[in-house]
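Fold and geometry: a report
The residues making up each chain are set out below.
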Amino acid sequence: MSPIEATASLLGLINIVLVVRRSIWNYPFALAMVALYAWIFFHEKLYSDSLLQLFFFAVNLYGWRNWARSRGESGEVVVETLGWPARGGWAIGAAVVIALWGAMMHRLTDAAWPWWDGSIAVLSIAAQILQSRRNWECWVLWILVDLLAVPLFAVKGLWLTAGLYGVFLVLSGWGLVDWLRARK
């Protein structure tokens, strides 16, 4: 465990607690966390996760702007719901992109776990987009991401990060329940 991993983990914990509570102040913590994790994952040859952090940086900027513009009368961020056709589209799209991304990472890089890492990356992208759009369904994907990420990071010896994703799993369950209650 490095001081950089410890700092990134602490920032991640603060970020997710603030997201669950629908606080717009999650975004500064998210931006700092993803910058640190981009460096960590690159050095661990988890290239999909490293590239994912660059995506997260950009989509967190978008999310910050979107959340700031979409507060309800109470001042809280309004939660949206996807329809069944949209859910099906997201599921099929994610499956196709996972297959393509995993194949590319397997063939073109020396990635440690190209399919496993790629699945986490693709599902995280979908979850982050849905979260930025304020869709409660993001939490279902975050739960799946966490279930995949904990053992991968443990295998790579990133014990603090594996533990953090275990905490994320619990917080994602809390987020799902809270956002379901708050949905529009």
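This text goes with the structure placed above it.
Below you will find a few notes about this structure.

Cut-offs and rules
Residues numbered from 1 in each chain as written. Predicted model: local features only at pLDDT ≥ 70, side-chain atom pairs only at ≥ 80, totals over all residues. Heavy atoms only, no water. Helix = DSSP H or I, 4+ residues; strand = E, 2+ residues; numbered from the N terminus. Rg over C-alpha atoms; globule rule 2.2 N^0.38 Å. Buried < 20%, exposed > 50% of the residue type's maximum accessible area, 1.4 Å probe, protein only. Contact = heavy atoms within 4.5 Å. Areas by Shrake-Rupley, 256 points an atom, 1.4 Å probe, with all protein chains shown as cover. Lys, Arg positive; Asp, Glu negative; His and termini not counted. Charge placed at Lys NZ, Arg CZ, Asp CG, Glu CD. Phe/Tyr/Trp six-rings, centres within 6.5 Å; stacked < 30°, edge-to-face > 60°.

**Quick notes on the overall build of the protein chain**
Scanning the protein chain from N- to C-terminus turns up seven helices and zero strands. Radius of gyration (C-alpha) of the protein chain: 16 Å, near the 16 Å computed for a compact globule of 184 residues. Residues classed as buried in the protein chain amount to 46% of the 184 residues present. Taking the contacts inside the protein chain whose residues are at least 6 apart along the sequence as the reference set, 73% of them involve residues at least 24 apart. Carbon and sulfur atoms provide 71% of the accessible area of the protein chain, an area that totals close to 9,000 Å². Within the protein chain, the 11 negative side-chain charges are centred at a point lying 7 Å from the centre of the 14 positive side-chain charges.

**A few points about the environment of Ala32**
Mapping Ala32 onto the fold places it in helix α2 (residues 26-43). Classification of Ala32 as partly exposed rests on a relative accessible area of 33%.

**A few points about the environment of Val122**
In this structure, Val122 sits in helix α5 (residues 114-132). Judged by relative accessible area, Val122 falls into the buried class, the value being 9%. Taking C-alpha positions, Val122 is 21 Å from Ser9, a pair spaced 113 residues apart along the chain. In this view, Val122 contacts Ala94, Val97, Ile98 and Trp101; residues no more than four positions away in its chain are not counted.

**Comments concerning the packing of aromatic side chains**
Summed over the entire model, instances satisfying the criterion amount to 12 aromatic pairs. When the centroid spacing of 5.3 Å and the interplanar angle of 10 degrees are considered together, the rings of Phe41 and Phe153 count as stacked. Here Phe153 lies in helix α6 (residues 138-155) and Phe41 lies in helix α2, a separation of 112 residues in the sequence. Residue classification places Phe41 among the buried residues on the basis of a relative accessible area of 1%. We classify Phe153 as buried; its relative accessible area is 0%. When the ring of Tyr165 is compared with that of Phe168, the centres are 5.0 Å apart and the planes differ by 65 degrees; the resulting orientation is edge-to-face. With Tyr165 and Phe168 both in helix α7 (residues 159-182) and three residues apart, this pair spans about one turn of that helix. For Tyr165, a relative accessible area of 13% corresponds to the buried category. Looking at Phe168, the relative accessible area reads 7%, which means it is buried. These aromatic residues form a ring-pair network of at least three members: Tyr27, Trp64, Trp67, Trp139 and Trp179.

In short, shape yes, function no, at least from these values alone.
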